[in-house]
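What follows is the residue order along each chain.
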Amino acid sequence: MKQLKAFGAFWYDFVIGDDWHVAALVVAGLALTAILTHAAKVNAWWLLPVFVVAALAWSLHRATAGRK
Amino acid sequence: MNALPLILTVFIACVVEAVEALTIVLATGITREWRSTFQGMAAALVTLAVITAAVGPAIDHLPLTALRVVVGALLAIFGLQWLRKAVLRATGYKALHDEASAYLREVTAAQQAARETKRGVSDWYSFTLAFKGVLLEGLEVVFIVITFGDNQKNIGAAVIGAAAAILLVTIVGIAVRAPLTKVPENWMKLVVGVMLTSFGTFWGAEGAGVHWPGNDAALLVVIPVVAVVAGLCIYWLHSRKAAVIVSAPASEVVGS
């Protein structure tokens, strides 16, 4: 069990890293892009870059807010 | 697409990873024992080969659309992690990754650890440290080579970039027998972060079904845009830090 936990923690750290919000925003951006493209027939090429920029800015804001 | 950006991206990413692995191996080998260190390195390389052999062909069998969504998402997340760290380091919110101090930390820990013989390895500490260091940095190399190579249908070019980087760092490491402190790691990480994020965004969106204006040429816009955003973030955090420092004495006066 301990080894399984360590294995899971290793892969979480490897893929998700320090801030899970980044991964969540990227996945949300991809899902919304797919929905807009396939369901609404909108060529939403601009949506994922917006989510990516927002993820970086949000994560940096969280990491530095109130710090000197 | 031209193979040169692919080779250069993989090369820079792999130099960064190889330098970090070299620091751990040198600190362990010089302080403790080379034999167990090499055994740990060899075990890590065999593990990496097994993972590559298992994952590589499996990825090849995935449909291109699914592959682009999964790989795009992973690359974008990975790239944003690198960008985040590089921006925080460039603005002083996080300590710069200094190979000299990382080396000293490893050396101090290695000198204090007890010696233990286990499973035919004379120094278990050296073995596990070298194994973990090479495996972790190597996994990132394997991930970048497979994802970039497979998406561009040019695994050969990605392997050339990675092999050149590892060879170069190994040769320089053997020559100087010291951590490579002169490598501008943070700026290289920033460049790789920009490339991984750009390629990830491009492939991910393509996998989700969009058609980029100008097809592959859109990457020539996406990459500079991500680079400019990273630059703006550095400017933003510098300004924010300066504002906090300037406002601190004023609030202290108000408080007193």
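Rules of the game
Residues numbered from 1 in each chain as written. Chains lettered and ligands numbered in written order. Predicted model: local features only at pLDDT ≥ 70, side-chain atom pairs only at ≥ 80, totals over all residues. Helix = DSSP H or I, 4+ residues; strand = E, 2+ residues; numbered from the N terminus. Rg over C-alpha atoms; globule rule 2.2 N^0.38 Å. Buried ≥ 20, exposed ≤ 12 C-beta atoms within 10 Å, placed from the backbone. Contact = placed C-beta atoms within 7 Å. Nonpolar A, V, L, I, M, F, W, Y, C, P; charged D, E, K, R; others polar. Core = buried A, V, L, I, M, F, W, Y, C linked by C-beta atoms within 7 Å. Expected span 1.5 Å × (residues − 1). pLDDT = per-residue confidence, 0-100.

1. Re the overall build of chain A
- When helices and strands are tallied, chain A shows 3 helices and 0 strands.
- Scanning chain A from its N terminus toward the C terminus, one meets helices and strands in the order α-α-α.
- Against the 2.2 N^0.38 benchmark of 11 Å for 68 residues, chain A shows a C-alpha radius of gyration of 16 Å, more extended than a compact globule.
- Its C-alpha atoms give chain A principal-axis dimensions of roughly 45 × 40 × 10 Å.
- When the 68 residues of chain A are sorted by exposure, 28% land in the buried category.

2. Examining the overall build of chain B
- Of regular secondary structure, chain B possesses 8 helices and 0 strands.
- For chain B, the sequential pattern of α-helices and β-strands runs α-α-α-α-α-α-α-α.
- Within chain B, the fraction of its 256 residues that count as buried is 41%.
- Here the analysis covers contacts within chain B between residues at least 6 apart in sequence; of these, 86% occur between residues at least 24 apart.

3. Some thoughts on the interface of chain B and chain A
- On the chain A side, the residues contacting the 31 residues of chain B number 30 residues.
- Those elements giving two or more residues to the side of chain B that touches chain A turn out to be helix H3 (64–90), helix H7 (185–207) and helix H8 (219–255) of chain B.
- Top element by residues in the side of chain B that touches chain A is H3(B). It accounts for 11 residues.
- Taken together, the residues of the side of chain B that touches chain A sort by class into 22 nonpolar, 6 polar and 3 charged.

4. Structural notes on unusual backbone geometry
- Non-glycine residue Lys41(A) carries a positive phi angle of around 55 degrees.
- If you trace the backbone, Lys41(A) turns up in the loop between helix H2 (20–38) and helix H3 (47–64).
- Located in the positive-phi region is Asn215(B), a residue other than glycine, with phi close to 50 degrees.

5. Observations concerning the nonpolar core
- Membership of the largest hydrophobic core comes to 83 residues, with the highest contact counts inside it found for Val26(A), Val52(A), Val10(B), Leu83(B) and Val87(B).
- The greatest single-element share of this core, amounting to 15 residues, is contributed by helix H1 (residues 3–31) of chain B.
- Those residues in contact with Val87(B) that lie beyond four places of it in its chain are Leu60(A), Ala230(B), Cys233(B), Ile234(B) and Leu237(B).

6. Some remarks on the environment of Ala57(A)
Residue and element names in this part refer to chain A.
- Tracing the sequence through the fold places Ala-57 in helix H3.
- Among the residues examined, Ala-57 registers 14 C-beta atoms within 10 Å and is labelled partly exposed.
- The spatial distance from the C-alpha of Ala-57 to the C-alpha of Val-22 is 9.7 Å, given a sequence separation of 35 residues.

7. Considerations on helix H5 (residues 124–151) of chain B
All names here are of chain B.
- Across its 28 residues, H5 extends 40 Å between first and last C-alpha, which sits within 8% of the 40 Å expected from 1.5 Å per residue.
- Counting buried positions over the 28 residues of H5 gives 20, a clear majority of the element.
- Just downstream of H5, Lys-153 is the residue with a positive phi angle, here 55 degrees.

8. Some details on the confidence of the model for chain B
Residues and elements named next belong to chain B.
- Scored by pLDDT, chain B has a mean of 81; 90% of the residues are at 70 or more.
- Across residues 252–256, where pLDDT falls below 50, the model places 0 contacts with residues more than four positions away in sequence or in other chains.
- Here the predicted complex scores 0.73 on pTM and 0.90 on ipTM.

9. Some details on the environment of Leu32(A)
- One can find Leu32(A) in helix H2.
- Overall, Leu32(A) belongs to the partly exposed group, with 16 C-beta atoms counted inside 10 Å.

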